[in-house]
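Secondary and tertiary structure notes
Given next are the chains, with one letter for each unit.
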Amino acid sequence: MLRIAVPNKGSLSGPAGDMLHEAGYQQRRESKELRVVDPTNEVEFFYLRPRDIAIYVSSGKLDIGITGRDLLIDSGADAEEILPLGFARSTFRFAGRPGTADGIEDLGGRTVATSYEGIVAAHLADRGVDASVVHLDGAVETAIELGVAEVIADVVETGTSLRNAGLEVFGEPIMKSEAIVIRRSGAEPDETTEPKVQQFLRRLQGVLVARTYVMMDYDCRVEQLEKAVALTPGLESPTVSPLHNEGWVAVRAMVPSKEAQRIMDDLYEIGARAILTTAIHACRL
Ligand SMILES: Nc1ncnc2c1ncn2[C@@H]1O[C@H](COP(=O)(O)OP(=O)(O)OP(=O)(O)O)[C@@H](O)[C@H]1O
Ligand SMILES: O=P(O)(O)OC[C@H]1O[C@H](OP(=O)(O)OP(=O)(O)O)[C@H](O)[C@@H]1O
Ligand SMILES: [Mg+2]
């Protein structure tokens, strides 16, 4: 059985469970379950604290795990990213009261509060800045008002938490993060688990593609086909079928969902008709 670590709480937990469910895996029914065995797919899921997942995976006790890129780097664990998953996107940044600092070069001799001590200490050391780092478990924004630190380094998504605390980001972003699949670094591919790992990754990739692409169908005149195909090149190449009406063809291709409306407008402009899109529920590329 493939042994997989899944976040049990926090921002990663809900979307990770949804993605695994969409990929056809059995998931826990209530949030207190620690382990789920999915015998059909020969997979066992362990629900663990997101921060601990890289440690379990690097120890080799679990084959792969889902965590945040920032958590992986912060842990310093010997594990590597093998697939980005596109959710729990955030940026890790310095912030303080307006006017506190313009960049990292102003942080010498000051105190930075953070839940990601590993990332912050390494970033400061890389740039030769000698600042103290105070570790806090969460609600780091409040550390400034309460005088524990002058500066914080934290996860920023919408910026609402910072605004509510009267803080502003400064300097370059420290890193960009999102949910990722990880495995032990430099692990020798194992004959029995490797095919299962690859199947798991293909399933998740299928979900990512189904979420970001739609299927587009339309009819167009043969003379317009080259222009139409340039607008909808598809992943390999579009399917083109003859229509009963001579001089017309039907075209079918996958297009990025974000661009679907613009592509439909452009196709209409060059004379394509009966343009429609349908959702993709699952796929293997
Ligand atoms: N508001 C957010 N938007 C997007 N991603 C976030 C957000 N807050 C945290 N993350 C991401 O979630 C991961 C941290 O998960 P973790 O469960 O440790 O903290 P959390 O989501 O803040 O939950 P909690 O603080 O309730 O324990 C990191 O990868 C981080 O980048
Ligand atoms: O930019 P925003 O959209 O406001 O999101 C970022 C905030 O979300 C997380 O906090 P969470 O609610 O998890 O509380 P925590 O600080 O205690 O972890 C993170 O630590 C930031 O504080
Ligand atoms: Mg949090």
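How each quantity is defined
- Residues numbered from 1 in each chain as written.
- Chains lettered and ligands numbered in written order.
- Predicted model: local features only at pLDDT ≥ 70, side-chain atom pairs only at ≥ 80, totals over all residues.
- Heavy atoms only, no water.
- Helix = DSSP H or I, 4+ residues; strand = E, 2+ residues; numbered from the N terminus.
- Expected span 1.5 Å × (residues − 1).
- Buried < 20%, exposed > 50% of the residue type's maximum accessible area, 1.4 Å probe, protein only.
- Pairing = 2+ DSSP bridges.
- Axes fitted to C-alpha atoms, helices over the stretch in contact; angles between N-to-C directions.
- UniProt positions renumbered as here; feature names shortened; annotations may be inferred.
- Domains from an automatic or database assignment.
- Contact = heavy atoms within 4.5 Å.
- Buried area = accessible area lost by both parts, 1.4 Å probe.
- Salt bridge = Lys/Arg side-chain N within 4 Å of Asp/Glu carboxyl O.
- Polar contact = N/O pair within 3.5 Å; in protein donor to acceptor, adjacent residues only side chain to side chain.

Attention now moves to helix H7 (residues 193-212). Taking 1.5 Å of rise per residue, 20 residues should cover 28 Å, and H7 covers 29 Å from first to last C-alpha, within 8% of that figure. By the burial criterion, the buried members of H7 are Thr193, Glu194, Val197, Phe200, Leu201, Arg203, Leu204, Gly206, Val207, Val209 and Ala210.

Reading across the sheet, the five strands line up as S8-S7-S9-S6-S10 and stay open at both edges, with mixed pairing between neighbours. Lying at the two open borders of the sheet, with one neighbouring strand each, are strand S8 (132-135) and strand S10 (168-177). Strand-to-strand twist of the sheet, defined as the mean angle between neighbouring strand axes without regard to direction, takes the value 25°. Strand direction decides the pairing type here: strand S6 (residues 90-96) and strand S9 (residues 151-156), joined by six bridges, are antiparallel. The partner of phenylalanine 92 across the bridge, within S9, is valine 155.

Turning our eyes to something else, we now look at the UniProt feature "domain: ATP phosphoribosyltransferase catalytic" (unreviewed entry) in the protein chain. What UniProt calls "domain: ATP phosphoribosyltransferase catalytic" (unreviewed entry) maps, in this numbering, to residues 49-206. Helix makes up 29% of residues 49-206 and strand 30%, whereas the separation of the span's terminal C-alpha atoms amounts to 26 Å.

Domain annotation of the protein chain identifies domain 1 (2-86 + 179-187), domain 2 (90-177) and domain 3 (214-279). Distance between the C-alpha centres of domain 1 and domain 2: 28 Å. Taken together, the seven residues of domain 1 in the interface contact 10 residues of domain 2. At the boundary of domain 1 with domain 2, total buried surface from both sides reaches about 670 Å², with 52% on carbon and sulfur atoms. Along the contact surface separating domain 1 from domain 2 lie zero salt bridges. Along the contact surface separating domain 1 from domain 2 lie seven residue pairs in polar contact (both at pLDDT 80 or more).

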